[in-house]
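Summary of structural features
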Amino acid sequence: MPVQQKLFRFAFRLLGNEDDAKDITQDALMKVWRQQGKMNELENVEAWCMRITRNLSLDKIKARKYRVADDLEKALELPAVDTQNPHVATEQQDMMKRVHAAIHALPEKFRLVIQLRDMDGFSYQEIADMLDITINEVKVNLHRARQKVREQLKNVYAYGLQ
Amino acid sequence: MHMDYSNIRSLLDKYWEGETSLEEEAQLKQFYNAAPADLPKDLQEAAPLFHYFEIATPTTNLPGFEALQTAFETPATTPVIKIGFLRNWMQYAAMLAIALGIGYGIQQHIEADRPPQHPELSFRQDTFNDPKEAFAETQKALQLLARNLNKGKQEMVKLNYFNEATDKVKEN
C-alpha cells in the first residue's frame, strides 16, 4: 500500500470522514515534504509520518470540537450483494448496518484497532506506531474488540434480524 | 457440494482469539468473499463481519505524491561526499605550515646556542655579571612592587571605611 494511502486510511479511521481525512493526508504529506531533511536521521520514516498524521487529526478534532462521524449514512449506501432478490438485498443491508453499528459502538481504542487491522490490513507494529501503544496492547485490544463484535453478532443471530 | 471446512474453522478460532497473521486473515477474507450460500451454520456467524470488512473500506483516489513515494521506496543511502582538491589543499597547507614552524624553531635554537658576535656589547647589557648593578636593578624592581602593593593597600583602607560606614548604618 502506498504511504499516502496508509496515511489516508489512518486519518479516515480517526476522523470518520473521507473529505477531512483527505485534507489531513495532504497536510501531513506537505509537512513531511517540508521536513525532508529530517528523513535521513529517522529510523522509521513511516512511523514518523503516522505520528504527524495523528497529531494533525487530533488537532482537528480538538479545534472543531469534532464529533467523529459515525458514517451510518454511508453504511446505508453500502452496495448490496444480491441485487436480484430485493428481499435478500434488504436483509443484507440490514445486516451490514448492524455490523457497522456493532463496530462503532466499541470504545474508540477497540474500534480503531479492529478497523486498522481487519479493514485496512495493517501489521501490529504499524498499528502500534500509529496509536502510540505497545504491540502487546494492540493484540489485547484487538482480541477484546473481536470478542465484543462476536457477542453482538451472536445476539443478532439469537434474536433474529427483525 | 461438500467442502472441507476444517482449515477455515481452525483459522476462525485463531481469528477470534486474536492470533491470526495478516496472511491468515487475508485467507479468511478471501474465503468469505467467495463463500457459497449454503455455509454450515457455525461458519455463517462470521460471514457478515468479513463481508462488512470487504465493502466498508473507502477506495479513495488520492492525488499522487510520486516524488515522495519514490523517496520512501528508495533505500536510504549515505550520500558520497567527494573529497576534492579543497580538502587536499588544506592538508598540504597544514603540512607546509608545520614544516615551516619546525624549521623556524630549529633555526632559532641554533642561533641561541651560537656565541654572541659582540661580546663587549652583550656584557654591557647583561647585568648578571655585575653584582652592584644587579642589586640596584633588583632593588628598583622590588620598590616598584612595594609601591604598587601600597597603592592597593590604600584602596583597601578606603574600602574598609566604607564597610564600617555601611555597618553603622545597618546597626541604626
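Look above for the structure.
Right, let's walk through the structure included here.

Rules used in this analysis
- Once a new chain begins, its residue numbering starts again from 1 and follows that chain's sequence as written.
- To label them, take the chains in the order written and letter them from A, then take the ligands in the order written and number them from 1.
- Where totals are concerned, whole chains, interfaces and linings use all residues; where local detail is concerned, this predicted model gives features only for residues with pLDDT of at least 70, and gives and counts side-chain atom pairs only at 80 or more.
- Note: side-chain values were computed over all heavy atoms of the structure, leaving out hydrogens and water.
- Pairs of residues are marked as contacts when any of their non-hydrogen atoms sit within 4.5 Å.
- Accessible area that two parts lose when put together, with a 1.4 Å probe and added across both, is what the buried area reports.
- Salt bridges are identified by distance alone: a Lys or Arg side-chain nitrogen within 4 Å of an Asp or Glu carboxyl oxygen.
- Put simply, DSSP marks the helices as runs of H or I at least four residues long and the strands as runs of E at least two long, and each gets a number from the N terminus on.
- Within 6.5 Å between ring centres, the rings of Phe, Tyr and Trp (the latter by its six-membered ring) count as paired, and their orientation is classed by plane angle as stacked under 30 degrees, edge-to-face over 60, tilted in between.
- For the exposure calls, accessible area comes from a 1.4 Å probe over protein chains only, and a residue counts as buried if that area is under 20% of its type's maximum, exposed if over 50%, partly exposed in between.
- Only when the NZ of Lys or the CZ of Arg is both within 6 Å of the ring centre and within 35 degrees of the ring normal is a charge said to sit over the ring.
- The set of buried Ala, Val, Leu, Ile, Met, Phe, Trp, Tyr and Cys residues whose side-chain atoms join them within 4.5 Å is what this entry labels a nonpolar core.
- Think of each axis as a best-fit line through the C-alpha atoms, taken over the contacting stretch in the case of a helix, with angles from 0 to 180 degrees between the N-to-C directions.
- With respect to orientation, any angle under 35 degrees is reported as roughly parallel, any angle over 145 as roughly antiparallel, any angle of 65 to 115 as roughly perpendicular, and every other angle as oblique.
- Crossing handedness is defined as follows: a turn of the near helix away from the far one that is anticlockwise and smaller than a right angle gives a left-handed crossing, while the clockwise case is right-handed.
- Basically, the charged four are Asp, Glu, Lys and Arg, the nonpolar ten are Ala, Val, Leu, Ile, Met, Phe, Trp, Tyr, Cys and Pro, and anything else, Gly included, counts as polar.
- Under the convention used throughout, the expected extent of a helix is 1.5 Å for every residue step, that is, one less than its residue count.

Right, let's get into the interface of chain A and chain B. The figure often quoted for interface size is the accessible area lost as the parts come together. Across the contact, 43 residues belong to chain A and 30 residues belong to chain B. For the pair chain A and chain B, the two sides together bury roughly 3,600 Å², of which 66% comes from carbon and sulfur. Summed over the shared surface of chain A and chain B, the result is three salt bridges. For E25 of chain B, the salt bridge identified is with R117 of chain A, shortest N-O distance 2.8 Å. Of all the elements in the fold, those that place two or more residues in the side of chain A that touches chain B are α1 (3-15), α2 (18-34), α3 (45-63), α5 (86-104), α6 (108-119) and α8 (135-159) of chain A. A total of eight residues in the side of chain A that touches chain B trace back to one element, the largest contributor, which is α8 of chain A.

Per the counting criterion, the structure on display carries seven aromatic pairs over all chains. Seen from their ring centres, F50 of chain B and F53 of chain B are 5.6 Å apart, and the 80° between their planes marks the pair as edge-to-face. One end of the pair is F50 of chain B and the other is F53 of chain B, both in helix α4 (residues 47-55) and three residues apart, which spans about a single turn. With respect to class, F50 of chain B is no different from F53 of chain B; both count as buried. The structure contains a cluster of three or more aromatic residues connected by ring pairs, namely Y5, Y15, W16, F31, Y32, F50 and F53 of chain B. The cationic tip of R117 of chain A hangs over the ring face of Y124 of chain A; the distance from NZ or CZ to the ring centre is 4.1 Å.

On to the nonpolar core, then. Y32 and L49 of chain B are the most contacted members of the largest nonpolar core, which totals 60 residues. Here this core takes eight residues from α1 of chain A, the largest share from any one element. With near-sequence residues (within four places) excluded, Y32 of chain B lies in contact with L12, L39, L43, A46, A47 and F50 of chain B.

We now examine the packing of α6 of chain A against helix α7 (residues 124-131) of chain A. All names here are of chain A. The N-to-C vectors of α6 and α7 enclose an angle of 140°; their axes lie 10 Å apart at closest approach. Taken together, the axis directions place α6 and α7 in an arrangement best described as oblique. Crossing hand, α6 versus α7: right-handed. Contacts between α6 and α7 pair L112, V113, L116 and R117 from the former with Y124, I127, M130 and L131 from the latter. Taken together, the residues of the contact of α6 with α7 sort by class into seven nonpolar, no polar and one charged.

Note that an α-helix has 3.6 residues per turn; residues three or four places apart therefore point the same way. Between its first and last C-alpha atoms α5 of chain A spans 27 Å; for 19 residues at 1.5 Å apiece the expected length is 27 Å, and the two agree. Every buried residue of α5 of chain A is listed here: A89, Q93, M95, M96, V99, H100, A102 and I103 of chain A.

Moving on, we come to α7 of chain A. Residues and elements named next belong to chain A. Across the eight residues of α7, six count as buried, placing the element largely inside the fold. Among all positions of α7, only Y124, E126, I127, A128, M130 and L131 are buried. Phi for D132, located one or two positions after α7, is positive at around 60°.

All names here are of chain A. Structurally, D20 is set in helix α2. A residue is classified by how much of its surface remains accessible, and D20, at 11% relative accessible area, is buried. For the pair D20 and S57, spaced 37 residues apart in the sequence, the C-alpha separation amounts to 8.7 Å.

The next subject is the pattern of salt bridges. Following the criterion strictly, the structure yields 16 salt bridges over all chains and no others. We note a salt bridge from D132 of chain A to R54 of chain A, for which the minimum N-O separation is 3.9 Å. One end of the pair, D132 of chain A, is in the loop between α7 and α8; the other, R54 of chain A, is in helix α3, with 78 residues separating them in the sequence. On the accessibility criterion, R54 of chain A (12% relative accessible area) is buried. Among the ionic pairs, D94 of chain A bridges to R98 of chain A, the shortest N-O distance being 3.9 Å. Of the two residues, D94 of chain A and R98 of chain A are both situated in helix α5; the distance of four residues between them amounts to about one turn of the helix. For R98 of chain A, a relative accessible area of 31% puts it in the partly exposed group. Look at the salt bridges and you will find they share partners, linking R117, D118 and R146 of chain A together with E25 of chain B into a network.

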